[in-house]
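Coordinate inspection notes
For reference, the chains in residue letters:
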Amino acid sequence: MQSIGIRALACAWALAGCVATPEPVPDGVPPSIDAPPSDPGNVLVVLIDDIGTEDLAVYGPALPVTPTIDSLATKGMVFTNAYAAPMCSPTRAELLTGRHGRRYGIGDALWIERDDPELPLRERTIPEMLEAAPDVWATAHVGKWHVSGHGEGAASHPNLQGFPLASGTLFNPAVSMLGADHPLGYFEWEQFEDGEVGFADGYLTTRVADDAIEVLEDLPEPWFVHLAFNSAHFPLHAPPEELLNTPLPPPEAGVDRSEALYVAMIEALDTELGRVLDSLDPAVRERTTIILASDNGTTNPAGDPARQKGSMWEGGVHVPLIISGPEVRPGTVSSALTHTVDLYPTIANLAAVDLTSPDQPRLDGFSLLGELREPNQGHMQRRFVFTERFANGEPPSPPTAWLVRNERFKLMQLWMQQPRLFDLAADPAEAVDLLADPTNEQERIASDLREALEEMVAQVVYEAP
């Protein structure tokens, strides 16, 4: 069998001469551009936190009860092969830039306890990209940010990245920049707003919805709003009862309510998202593209933590993606391979921004507009998708984990372990590693996937400041 070992792939990731300059491949940039709509409408990105496909009824399970998200799926398109980074900060940065985190050194969650890098201001975010649109777009961020540093001026980072209006949490709700003398969470947290940070209380998911409704009331059209809920990120808690569709079981000595709390947090999020959408004038809602995505896979306490958030197993990187709007065929399902980096060029395409102009940065995503109009008709150019996890910093270190997959097969490696190959069509639970006793055909598939990975990674070059 052809070697697919750590050393060979570390060379590819290091990009230090181990891989020759590649020929252009179908997964290169610039992204495909479809004819933009005559009316750009508005765009609302709803980013949910630590929720995987197995956590939403749209993708199969009975709980939680999420009528708002179900309605978005009914009115729009559900993507069944959407991928993200396995951790929060890289996905958030990739969504905002359309570029993999390896280009600017964010490959893991940013921690306040470490001297981690922030998303560089030189990166062109969605609101900055929209400045090149034919129409004047109003933009705002509401909710969790988590791509900034934690030093002086951190609360201004969203504004400096192009959002004139920005409020929410810089990190996770339990994190304190101000040095709180007691635990924080969803009922008391640190709230930033346009450069200032202070303590806030109430219920965080409700506060995010309130802030979004207030912003949406005043924004002129067309607008782009980045709405990032914190839920269902820890700490687990019992939301206000009036937000739940499924009553929580009462606390009992010796009874673990962790899974029930996780479900309740998702239901509360769904209720508050419904309130945000109901606040829109029906005509405005009709011309708004709504994109719902998750930053990484599940943290459901009922699952196996080793196969969830942070890992390259499907539970860590296979995420919900639902898009509804005037350009979307309602009630459709797409099996196209997609990645968080595709949302940036999709929004640019909706806004008629020319991404092929020389002053635009090199992107890693593809516009989904053609797929939204005609699903599963070959509009997506991507034949492979990859994602990774690596230590933050410059230059990026070799990854602790990575994966590459095509329409059917997935090759993945956890650091210091041998690569594994799975047939996701026949084995979606990833129970059988085909490289444990491979056939010649399986060896060839693994080799082809490794070659595709090296070609893609060779194009995602770290860009020094």
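The rules we used
Residues numbered from 1 in each chain as written. Predicted model: local features only at pLDDT ≥ 70, side-chain atom pairs only at ≥ 80, totals over all residues. Heavy atoms only, no water. Patch = residues over 30% accessible without salt bridge, like charges linked within 9 Å, V, L, I, M, F, W, Y side chains within 5 Å. Areas by Shrake-Rupley, 256 points an atom, 1.4 Å probe, with all protein chains shown as cover. Salt bridge = Lys/Arg side-chain N within 4 Å of Asp/Glu carboxyl O. Lys, Arg positive; Asp, Glu negative; His and termini not counted. Charge placed at Lys NZ, Arg CZ, Asp CG, Glu CD. Helix = DSSP H or I, 4+ residues; strand = E, 2+ residues; numbered from the N terminus. pLDDT = per-residue confidence, 0-100. Contact = heavy atoms within 4.5 Å. 1 Å grid on protein atoms, 1.4 Å probe; cavity = no way out; pocket = protein on both sides within 12 Å on 5 of 7 lines; lining within 4 Å. Points joined across faces, edges and corners; volume = space filled by probe spheres on them. Nonpolar A, V, L, I, M, F, W, Y, C, P; charged D, E, K, R; others polar. Pairing = 2+ DSSP bridges. Axes fitted to C-alpha atoms, helices over the stretch in contact; angles between N-to-C directions.

1. Quick notes on a negative patch on the surface
On the surface, Glu-193, Asp-194, Glu-214, Glu-217 and Asp-218 cluster together into a patch of negative charge. When residues in the negative patch are grouped by element, the largest group, three residues, is from helix α6 (residues 204-218). Within the secondary structure layout, Glu-214 lies in helix α6.

2. Topic: the confidence of the model for the protein
When pLDDT drops low, the exact placement of atoms in the prediction is not to be read closely. Summarising the model, the protein shows a mean pLDDT of 90, and 93% of its residues fall at 70 or more. The low-confidence segment residues 1-30, where pLDDT is below 50, has 63 contacts with residues more than four positions distant or belonging to other chains.

3. Some thoughts on the layout of surface pockets
Approximately 390 Å³ is the volume attributed to the largest pocket. Glu-314, His-318, Pro-428, Ala-429 and Glu-430 are, among the 18 residues lining the largest pocket, the residues nearest its centre. Broken down by class, the residue content of the lining of the largest pocket amounts to six nonpolar, five polar and seven charged.

4. Comments concerning the sheet that holds strand β9 (residues 288-294)
Spatial strand order, β7-β6-β5-β4-β8-β1-β9-β10-β2-β11: ten strands in an open sheet with mixed pairing. Each end of this open sheet is capped by a strand with a single partner; those strands are β7 (196-201) and β11 (332-334). Along the sheet, successive strands turn relative to each other by an average axial angle of 15°, direction set aside. As judged from the two bridges shared by strand β5 (residues 165-168) and strand β6 (residues 188-193), these two strands associate in the antiparallel manner. Counterpart to Ser-167 in the pairing with β6 is Glu-193. Helix-sheet contacts for α6 involve β4 (138-143), β5, β6, β7 and β8 (223-228), and the interaxial angle to β4 is about 170°.

5. A short note on the sheet that holds strand β13 (residues 385-389)
With respect to topology, four strands assemble into an open sheet ordered β13-β14-β15-β16, the strand pairing being antiparallel. Where the open sheet ends on each side, the last strands, each with one partner, are β13 and β16 (420-423). The sheet shows a mean angle of 15° between the axes of neighbouring strands, taken without regard to direction. Note: strand β15 (residues 409-414) against β16, four bridges, orientation antiparallel.

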